[in-house]
Amino acid sequence: MDNRQALGSWLSGPRAAAEDAGVDFGYRGQQLGLPELGPGSIARPGRRLGALAVDWGLCMLIAYGLVTDGYDQATGNWALGILLVLSVLTVGTVGSTPGKRLFGLRVVSAHGGRLGLGRVAVRSLLVCLALPALIWDRDGRGLHDRLSGAVQVRI
């Protein structure tokens with residue numbers, strides 16, 4: 001093996017090195033039985049972050065306009081509480097928040113069907129903690145989705 005090739009495999013990461021060695025990882029969602037593209041496929045990170053930004057902006061607007069009289073630290077705290085309630089109510093009933101609906105996403109059970117209210121509450125609480133949502137598996141599911149048995153798919 002050439003030294004440049006060895007250095008290149010180190011720089012590109014372990015996944016690229018494994019793929020060069022012949023390992024087949026498949027596509028995101030293949031282990032869950034989801035299609036690779038189109039409706040029902042795993043939601044991409046850009047759409048998920050866009051939906052979260054829309055939901056956060058909506059919650060900040062509600063907190064700013066209805067709860068606190070002006071912008072201060074309390075506005076962000078109230079917005080986080082509103083995001084929790086919004087997520088539990090909307091994902092628990094229709095399967096998506098306003099931001100997810102705008103970006104064409106919905107949250108479903110990994111085994112098909114809708115999530116129960118308890119699992120939606122756990123998922124929403126973990127989203128508000130932020131750290132579980134930043135840890136992803138190879139299918140693109142966050143830790144909050146894995147712990148609640150959920151998956152975000154395209155509509």
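Read on for a plain summary of the structure. Remember, it's a predicted structure, so these values are computed and weren't measured experimentally.

A probe as big as a water molecule, rolled over the atoms, marks out the empty space that is left. Approximately 400 Å³ is the volume found for the largest pocket. What lines the largest pocket is a set of 19 residues, and nearest its centre among them are R48, L52, V127, A133 and H144. When residues of the lining of the largest pocket are traced back to their parent elements, those giving at least two are α3 (45-67), α4 (73-93), α6 (117-129) and α7 (131-134). Partitioning the lining of the largest pocket into residue classes produces 11 nonpolar, four polar and four charged.

So, about α4. An α-helix turns once every 3.6 residues. As a result, residues three or four positions apart point the same way. Here α4 spans 31 Å end to end across 21 residues, near enough to the 30 Å set by a 1.5 Å rise per residue. Along α4, the positions that sit buried rather than exposed are T75, A79, I82, L83, L86, S87, V88, T90, V91 and G92. Where α4 is buried, its residues touch α3, α5 (98-102), β1 (105-109) and α6. Positioned one or two residues after α4, G95 has a phi angle of 90 degrees, which is positive.

This next bit is on the pairing of β1. The buried fraction of β1 amounts to four of the five residues, a majority that puts the element mostly inside the structure. One ladder, built from five bridges, connects β1 with strand β2 (residues 150-154); its direction is antiparallel. Looking across to β2, one finds that R106 is bridged to V153.

What follows covers the pattern of salt bridges. A complete count under the given rule lists four salt bridges for this structure. Across the pair D145 and R123 runs a salt bridge whose closest N-O atoms are separated by 2.7 Å. Pair noted here: D145 is in helix α8 (residues 143-148) and R123 is in helix α6, with a separation of 22 residues, a long-range link. Taking the relative accessible area as the measure of exposure, D145 reaches 0% and is therefore buried.

Conventions adopted
- Residues numbered from 1 in each chain as written.
- Predicted model: local features only at pLDDT ≥ 70, side-chain atom pairs only at ≥ 80, totals over all residues.
- Heavy atoms only, no water.
- 1 Å grid on protein atoms, 1.4 Å probe; cavity = no way out; pocket = protein on both sides within 12 Å on 5 of 7 lines; lining within 4 Å.
- Points joined across faces, edges and corners; volume = space filled by probe spheres on them.
- Helix = DSSP H or I, 4+ residues; strand = E, 2+ residues; numbered from the N terminus.
- Nonpolar A, V, L, I, M, F, W, Y, C, P; charged D, E, K, R; others polar.
- Expected span 1.5 Å × (residues − 1).
- Buried < 20%, exposed > 50% of the residue type's maximum accessible area, 1.4 Å probe, protein only.
- Contact = heavy atoms within 4.5 Å.
- Pairing = 2+ DSSP bridges.
- Salt bridge = Lys/Arg side-chain N within 4 Å of Asp/Glu carboxyl O.

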